[in-house]
Every structure is written in C-alpha cells, then in structure tokens.
Amino acid sequence: MSKKLNVTVWDEREGAIGPYPNGMYTTIADFLKKSGEFGEVRIALQPQPEHGLTEEVLNSTDVLVYWAHCFHHQVEDNIVERIRQRVMNGMGLILLHSAHASKIFGRLVGYEPWKLRWREVGELERVWRIDHGHPITAGVPEYFDIPHSEMYGEHFHIPTPDELLFISWYEGGEVFRSGCTFKCGLGKIFFFAPGHETFPIYEMPEVQRIITNAVKWAAPNGNPPPITGNVTFERPTPSVK
C-alpha cells in the first residue's frame, strides 16, 4: 500500500474570520482529514515563526495548500525561496483565492501579480467545468453556483496555463479563468479562485471536492531532482577485436 500524502494548510491569518469561527484553515484542514484520503494534515500560519513553514515542515509536506489575500508583502523572501525550492523538487502547491498575487506564485510562474479586475459586492458566481476528463474535475457537476462571491475578472495577467479546468461567470457579466494548472520543475500547481473570506465558500461540497481532488493530483511523483551544472566526462575505452 502506498504512503498517504502529508498535507500542510497555510493561511495568512490566525483566528476567526467572516463565517469561519475557527479560521478558514481549520475548515479546509477538517474536510481534508474527513476524506480519509491523506496522512497527516497540519496547519501553518503566517504569524508563526518562519511563517510556520520551517525546513522540517516543508521537507515533510507532500502538498501545500496556500490561502492568502492581503498580506503578501509580509511573507519573508527567504521563506518564499524555501517554498519555491520544494515545489521545483516535487512538492505540490494549491493556491487559493488571492494567492494569485502571492510572492510564491509570481516567482514560480514569472509574472507581475495584481493584474485583474475585481469587485466585492457579494454577487452570484457560476463556476463552469470545462475539462471533463481531468482528475481535479472528477465528481464535479457541469456547473455550480456560489450565491455570494467576490468577482475576479479578465484580463487575468498570467502566463497561459498548462491546463484550464474551470471558468467563472459573474452576475455583472465578467468571466474569469478560475481554475488552472501549471508545472514548475517537478512540482505541480493548481490555482483556484473562489474562496473570499466573508462568504462560506469552503463549506460547499463542490469546492471541497475540487480541493480534495487537486491535492491528490498534485502529489509528488517520486522522481529525483534532475542533475544540473557542470558534469564530468569519461571517454569510453574502445573495445579491441
């Protein structure tokens, strides 16, 4: 039997927020635990020493689930680089909501964050599944509605995703690439936009299924890091006949 994945759920805030009396990170960690599909599911928070992402924690993390919204600039650059190295060496990364503007996303995929439209009025968001054969979309309906959401709209200034899995339409008419994947080194990244902190979006079964699927999809494949840099060369000795 293969080893179950160890998951770390990271949040930039600590404590109650909006409809989450125990924090969003607790809600996310709880539904991942209840799925029974993972090994250790732990929580790390930005206010903790080293933002809760010590070398020991990251080295034992198979997939990092990363929620962020407002405090990207407070994440120390050495911790960002630590995460980047782990992703390049195979750790999976699930970026939620405004983590599109995080330092780690920009550093991994190479783009300038904050470039999109947005509006916060609690409008309807309809999330369309557009890739029916991908593991992340398994068990997700053709579309589902989020009654109240923060609008993120195109143009979304990111590189062309490796895979586009979900597109959202909003009550105001905007559309957005709300679920997409990237590969960086040996690591796999999934960005999923729904999840504003003032609405109970992470209580929705469709959203929980998507994140659970994404964690499994992003699992390391076990391959060693590639050999790079200067390498020695030994000329083969010709055989004598």
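This report concerns the structure included in the present document. (Residues numbered from 1 in each chain as written. Predicted model: local features only at pLDDT ≥ 70, side-chain atom pairs only at ≥ 80, totals over all residues. Heavy atoms only, no water.)

**Re the nonpolar core**
Going by this rule: To form a nonpolar core, buried Ala, Val, Leu, Ile, Met, Phe, Trp, Tyr and Cys residues must be joined to one another through side-chain atoms within 4.5 Å. Here the term buried applies to any residue with accessible area under 20% of the maximum for its type, exposed to any over 50%, and partly exposed to those in between, with areas from a 1.4 Å probe on protein chains only. Two residues qualify as a contact provided that any one of their heavy atoms is within 4.5 Å of a heavy atom in the partner residue.
Leu-32, Phe-190 and Val-215 are the most contacted members of the largest nonpolar core, which totals 40 residues. Residues within four places of Phe-190 in sequence aside, it is in contact with Leu-93, Ile-94, Leu-95, Ile-136, Leu-165, Phe-166, Gly-179, Cys-180, Thr-181, Ile-210, Ala-214 and Trp-217.

**With respect to the pattern of salt bridges**
A side chain of one charge can pair with a side chain of the opposite charge when the charged atoms of the two come close. What counts, and what does not: Note on definitions: salt bridges are taken to be side-chain nitrogens of Lys or Arg within 4 Å of carboxyl oxygens of Asp or Glu. Runs of E in the DSSP output that reach at least two residues are strands. Runs of H or I that reach at least four are helices, and both are numbered from the N terminus.
For the structure on display, the rule yields 14 salt bridges. With its nearest N and O atoms 2.8 Å apart, the salt bridge here joins Lys-103 to Asp-77. Taken as a pair, Lys-103 in helix α4 (residues 103–109) and Asp-77 in helix α3 (residues 77–88) lie far apart in primary sequence, 26 residues in all. Classification of Lys-103 as partly exposed rests on a relative accessible area of 27%. Judged by relative accessible area, Asp-77 falls into the partly exposed class, the value being 44%. In this structure, the salt-bridge partner of Arg-107 is Glu-81, at a minimum N-O distance of 3.7 Å. Residue Arg-107 is found in helix α4, and its partner Glu-81 is found in helix α3; the two are separated by 26 residues along the sequence. Taking relative accessible area as the criterion, Glu-81 reaches 26% and is therefore assigned partly exposed. One connected set of salt bridges, linked through shared partners, spans Asp-77, Glu-81, Arg-84, Lys-103 and Arg-107.

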